[in-house]
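Chains, contacts and geometry: an overview
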Amino acid sequence: MAAKQPAPVGAGGGGAAGERFLQLLQLVVFIDLFGVALVIPQMYGYAKAVGATKTEFGLLGSIYSAAQLVGSPFMGVVSDRYGRKAALQLNFAGAAFSYLCAAFAPSFLVLCLARVPVGIVKQTMMISSAYAAQLSGSAQRAKSIGRMKSMVTLAFMIGPMVGGTLATYDMKLPALLSAVLFLVDFLIVHFCLPHVDTASSADGAGPDRNAPPKAPFWSIFKACPAVRTVLAAILLVEVAQRLCRNSLAILLGDDLGLSPQTVGMAWGYCSTVATAVGAFGVPYVTARLGDHAAVKHGTLAGGIALAVWAAAPSLTAFFVAYTTYIAANFCVDTCLVSILTHEVHHHQVGAVLGVVDSATSLVGVGAPLAAGRLAEM
């Protein structure tokens, strides 16, 4: 007899059942990113084990980034056409296969090839954000997405330490454990999460939201000025975040001369703040202000914090300013994604979020270079 699976549900979830599904989705995201965090800090070790040079290691990262640029819109379309559940299953199956190949790669070529499928199909946050947008009602959307994002930072607080410990025994162990965790996620999605009708709407708000889209997904960027505005805002937030992240590394390591251990503690502190904001701050702010007002107030607070950071006379003043910036930036980024999911039909959410992910990946290529040049001036 086949195992019983959750019945399909429409967009907006189903009350208490919808909340349980959202909690399971948050668990899935945590397990997934914990698996990623086990391996990412050890990737250079995998490259060295197959005789790669530093330049070749850089090529390995470039191959993965290129695959992500292609994979984000591709998996977005897959999730719109075949459902979020099917897309997540493909996501985790492909990731498990790639990490197993990486663990036993006999050469640098095989290691590079192993990073291609995971780069294409591994789009957990994009698919999960679209999933959460449908499982939650309009009023709870930012809360759901914020808590998912907090799972990411929580996973990266714990994963690197566990992966480093495992690697001291055997370099294969982090990748093998990651593959097992991806398979666990596959089973959770298969047996515990429902299929959601991507053609339905949670609230029916906005023009033509109740009708299935008839035009290709890319036409939404041309037809809807609000979507273009939100996309531009998301990219600006991403630029600021990338610039600050790289500037922080330079500030802590060179300008303040902190030890590697202290730098690690500082990054852990930043992750802790982001986790707390996602779990508690975003739901509190959006419940009282709404998504649009939260973006306005968060942008103002973040701008003031950056100005204080630039003029900070001491390490204490810097961390007060940076804490404010992290909280404001996390809130703004989450609310912008929530607003974007309101502006497009559910049948196009995955593809649009995939385009957003590709655009932010391009930002990730240029912003670190810009931060380095600005730091030298």
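Residues numbered from 1 in each chain as written. Predicted model: local features only at pLDDT ≥ 70, side-chain atom pairs only at ≥ 80, totals over all residues. Heavy atoms only, no water.

What about the overall build of the protein chain?
The helix and strand tally for the protein chain stands at 14 helices and zero strands. Going residue by residue from the N terminus, the α and β elements of the protein chain occur as α-α-α-α-α-α-α-α-α-α-α-α-α-α. Of the contacts made within the protein chain by residues no fewer than 6 positions apart, 85% connect residues no fewer than 24 positions apart. A total of about 17,100 Å² of accessible surface is found on the protein chain, and carbon and sulfur atoms cover 69% of it. (Helix = DSSP H or I, 4+ residues; strand = E, 2+ residues; numbered from the N terminus. Contact = heavy atoms within 4.5 Å. Areas by Shrake-Rupley, 256 points an atom, 1.4 Å probe, with all protein chains shown as cover.)

Considerations on the confidence of the model for the protein chain
For residues with low pLDDT, the predicted coordinates do not support detailed interpretation. Of all residues in the protein chain, 74% have pLDDT values of 70 or greater, and the mean over the chain is 77. A low-confidence stretch, residues 201-213 (pLDDT under 50), is modelled with 27 contacts involving residues beyond four sequence positions or located in other chains. (pLDDT = per-residue confidence, 0-100.)

Brief notes about the environment of Leu69
Tracing the sequence through the fold places Leu69 in helix H3 (residues 54-82). A residue is classified by how much of its surface remains accessible, and Leu69, at 28% relative accessible area, is partly exposed. Once the C-alpha coordinates of Leu69 and Leu362 are considered, the two residues, 293 residues apart in sequence, prove to be 7.8 Å apart. (Buried < 20%, exposed > 50% of the residue type's maximum accessible area, 1.4 Å probe, protein only.)

Some remarks on empty space enclosed by the protein
Take a probe with the size of a water molecule and roll it over the atoms, and the empty space left behind shows itself. The final tally for this structure, using the stated rule, is one cavity of 30 Å³ or more. There is about 30 Å³ of room inside the largest cavity. Of all elements in the fold, only helix H1 (16-39) and helix H7 (141-167) reach the threshold of two or more residues within the lining of the largest cavity. Considering each element in turn, the lining of the largest cavity owes the most residues, three residues, to H7. (1 Å grid on protein atoms, 1.4 Å probe; cavity = no way out; pocket = protein on both sides within 12 Å on 5 of 7 lines; lining within 4 Å. Points joined across faces, edges and corners; volume = space filled by probe spheres on them.)

Observations concerning the pattern of salt bridges
A full pass over the atoms with the stated rule returns two salt bridges. A salt bridge links Lys122 to Asp32; the nearest nitrogen and oxygen atoms lie 2.6 Å apart. In this pair, Lys122 sits in the loop between helix H5 (108-121) and helix H6 (124-135) while Asp32 sits in helix H1, placing the two residues 90 residues apart along the sequence. Grouping residues by exposure puts Lys122 and Asp32 together as buried. The partner of Asp80 in a salt bridge is Arg84, with the nearest N and O atoms 2.6 Å apart. Accessibility classification places Asp80 together with Arg84 in one group, the buried group. (Salt bridge = Lys/Arg side-chain N within 4 Å of Asp/Glu carboxyl O.)

Comments concerning helix H4 (residues 84-103)
With 20 residues, H4 extends 28 Å from end C-alpha to end C-alpha; this agrees with the ideal 28 Å at 1.5 Å per step. Of all 20 residues in H4, 14 are buried; the element is thus mostly enclosed. (Expected span 1.5 Å × (residues − 1).)

As for the packing of aromatic side chains
For any two aromatic rings, the description comes down to two numbers: the centre-to-centre distance and the angle of the planes. Counted according to the given criterion, the structure contains two aromatic pairs. Here Tyr99 and Phe182 contribute two aromatic rings whose centre-to-centre distance is 5.0 Å and whose plane-to-plane angle is 90°, an arrangement assigned as edge-to-face. Linking Tyr99 in helix H4 with Phe182 in helix H8 (residues 172-192), this pair joins segments that are 83 residues apart in sequence. For the pair shown, Tyr99 and Phe182 are each scored as buried. Directly above the ring of Tyr64 sits Arg115, whose terminal nitrogen or CZ lies 4.4 Å from the centroid. (Phe/Tyr/Trp six-rings, centres within 6.5 Å; stacked < 30°, edge-to-face > 60°. Lys NZ or Arg CZ within 6 Å of the ring centre and 35° of its normal.)

Structural notes on the environment of Gly303
With respect to the helices, strands and loops of the structure, Gly303 is situated in helix H12 (residues 291-310). Residue classification places Gly303 among the partly exposed positions, given a relative accessible area of 39%. Sequence separation of Gly303 and Tyr325 is 22 residues, and the distance between their C-alpha atoms is 7.7 Å.

Side note on the side chain of Asn91
Looking at where Asn91 falls in the secondary structure, it is placed in helix H4. Here the side chain of Asn91 touches Thr124 through a polar contact of 3.0 Å, side chain to side chain. For Asn91, the residues in contact, after removing those within four places along its chain, are Asp32, Met75, Val121, Lys122, Gln123, Thr124 and Ile127. (Polar contact = N/O pair within 3.5 Å; in protein donor to acceptor, adjacent residues only side chain to side chain.)

Some details on the packing of H12 against helix H13 (residues 315-343)
When two helices pack together, their arrangement is given by the angle between their axes and by how far apart the axes lie. One way to put it is that H12 packs onto H13 with a least axis distance of 8 Å and a crossing angle of 155°. In this view, H12 runs roughly antiparallel relative to H13, as classed from their interaxial angle. You can see that H12 and H13 cross each other, and the crossing is left-handed. Here the contact of H12 with H13 is composed, by residue class, of 17 nonpolar, seven polar and one charged. (Axes fitted to C-alpha atoms, helices over the stretch in contact; angles between N-to-C directions. Parallel < 35°, antiparallel > 145°, perpendicular 65-115°, else oblique. Left-handed = near helix turned anticlockwise from the far one by under 90°. Nonpolar A, V, L, I, M, F, W, Y, C, P; charged D, E, K, R; others polar.)

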